[in-house]
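Chains, contacts and geometry: an overview
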Amino acid sequence: MKLVYVFDAYCGWSYGFAPTLAETARRHPGLPVEVVSGGLFTGARRVPIREFGYVQGANAKIAEMTGVEFGAAYDRLIADGSFVMDSEAAARGMAALRQAAPARAAELAEALQTAFYRDGLSLSDPATYRVIAERAGLDADAVVTAFSSPAARAAAAADFRHSRGLGVEGFPTLLAVDARRGPAVLAVGHATADMIDQRLAALAAS
């Protein structure tokens, strides 16, 4: 069995879920974690962030429920309102990071979101991936090059298809997948590591 984590780097609830995912991975070191990017802000939804009037209220709720912090640089970005969230670019970045360190995908997904939600960095900017890669001890030149490559674009598109194929309708979604049962939903939106443990135990007993 493995865990499949479907998230969007520009999804605040995914950012809030990161500590739960990290704790779940720590408790279950034998379960590999596959990270799949979803396409929350693509096509007609790639508009200035001011057009999503619910963002600040949602962030307050996310912080209250999960304990994550939204940084001052991110707050300034929201207040300006002109920033455009592009999930395709973020998915390319996730693909480049995943390629550099496949076994650290969950950790790097959190680092990607920290760069945006704490540091206010654009996930469409190659320089952001240099920062993330350097912090993670990865080959920054290789990550930046991969971000702009056709392979990363193909990987982003494949992730979006995979997300739809799994039947994911909201981010984040955590699934347990094995060959016998197929995917089983462990969490959508918000859950604690204890809740996920209970659901994994129920699966194991079934």
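A brief structural summary. (Residues numbered from 1 in each chain as written. Predicted model: local features only at pLDDT ≥ 70, side-chain atom pairs only at ≥ 80, totals over all residues. Heavy atoms only, no water.)

1. Focus on the sheet that holds strand 3 (residues 173-178)
Pairing is mixed across the open sheet formed by four strands, whose spatial order is 2-1-3-4. The sheet is open, and its two edges are formed by strand 2 (33-37) and strand 4 (182-188), each paired on a single side. Averaged over all pairs of adjacent strands, the angle between strand axes in this sheet comes to 25°, irrespective of strand direction. Helix 1 (residues 12-27) contacts strand 1 (2-7), strand 2, strand 3 and strand 4 of the sheet and is inclined by roughly 170° relative to strand 1. Taken strand by strand, helix 9 (residues 193-205) contacts strand 1, strand 3 and strand 4, and its axis lies near 155° from that of strand 4. (Pairing = 2+ DSSP bridges. Helix = DSSP H or I, 4+ residues; strand = E, 2+ residues; numbered from the N terminus. Axes fitted to C-alpha atoms, helices over the stretch in contact; angles between N-to-C directions. Contact = heavy atoms within 4.5 Å.)

2. A few points about the packing of helix 5 (residues 105-117) against helix 6 (residues 126-136)
Between helix 5 and helix 6, the least distance of the axes is 10 Å, while the angle of their chain directions is 130°. Put simply, helix 5 runs oblique to helix 6. In the crossing of helix 5 with helix 6, the sense of the turn from one axis to the other is right-handed. Of the residues in helix 6, those in contact with Leu108, Ala111, Leu112 and Ala115 of helix 5 are Thr128, Tyr129, Ile132 and Ala136. (Parallel < 35°, antiparallel > 145°, perpendicular 65-115°, else oblique. Left-handed = near helix turned anticlockwise from the far one by under 90°.)

3. So, the nonpolar core
Membership of the largest hydrophobic core comes to 56 residues, with the highest contact counts inside it found for Val35, Leu112, Phe116 and Leu174. The element best represented in this core is helix 5, accounting for eight residues. Residues within four places of Leu112 in sequence aside, it is in contact with Phe7, Ala9, Ala90, Met94, Leu97, Leu123, Tyr129 and Ile132. By size, the runner-up hydrophobic cluster in this structure holds eight residues, among which are Val4, Cys11, Val36 and Phe171. (Core = buried A, V, L, I, M, F, W, Y, C linked by side-chain atoms within 4.5 Å. Buried < 20%, exposed > 50% of the residue type's maximum accessible area, 1.4 Å probe, protein only.)

4. Structural notes on unusual backbone geometry
Leaving glycine aside, a negative phi is the common case for residues, and trans is the common case for peptide bonds. Across the junction of Phe171 and Pro172, the peptide omega takes the value -5°, indicating a cis bond. Among the structural elements, Pro172 can be located in the loop between helix 8 (150-165) and strand 3.

5. Re the packing of aromatic side chains
The tally for this structure, following the rule as stated, stands at 14 aromatic pairs. A ring pair is formed by Phe41 and Phe52, whose centres lie 5.1 Å apart and whose planes are at 75°; its orientation type is edge-to-face. Of this pair, Phe41 sits in the loop between strand 2 and helix 2 (55-66) while Phe52 is found in the loop between strand 2 and helix 2, placing the two residues eleven residues apart along the sequence. Exposure class is identical for Phe41 and Phe52. Each is buried. A cation over a ring is seen here: Arg92 above Phe147, with NZ or CZ 4.6 Å from the ring centre. (Phe/Tyr/Trp six-rings, centres within 6.5 Å; stacked < 30°, edge-to-face > 60°. Lys NZ or Arg CZ within 6 Å of the ring centre and 35° of its normal.)

6. Observations concerning the pairing of strand 1
When you tally the buried positions in strand 1, you get five out of six residues, the bulk of the element. In this sheet, strand 2 lies alongside strand 1 in parallel orientation, the contact comprising five bridges. Directly across from Val6, in strand 2, lies its bridge partner Val36. Assessed by its sense of winding, the connection that carries the chain from strand 1 through helix 1 to strand 2 is right-handed. (Right-handed = clockwise from strand over helix to strand, strands pointing away.)

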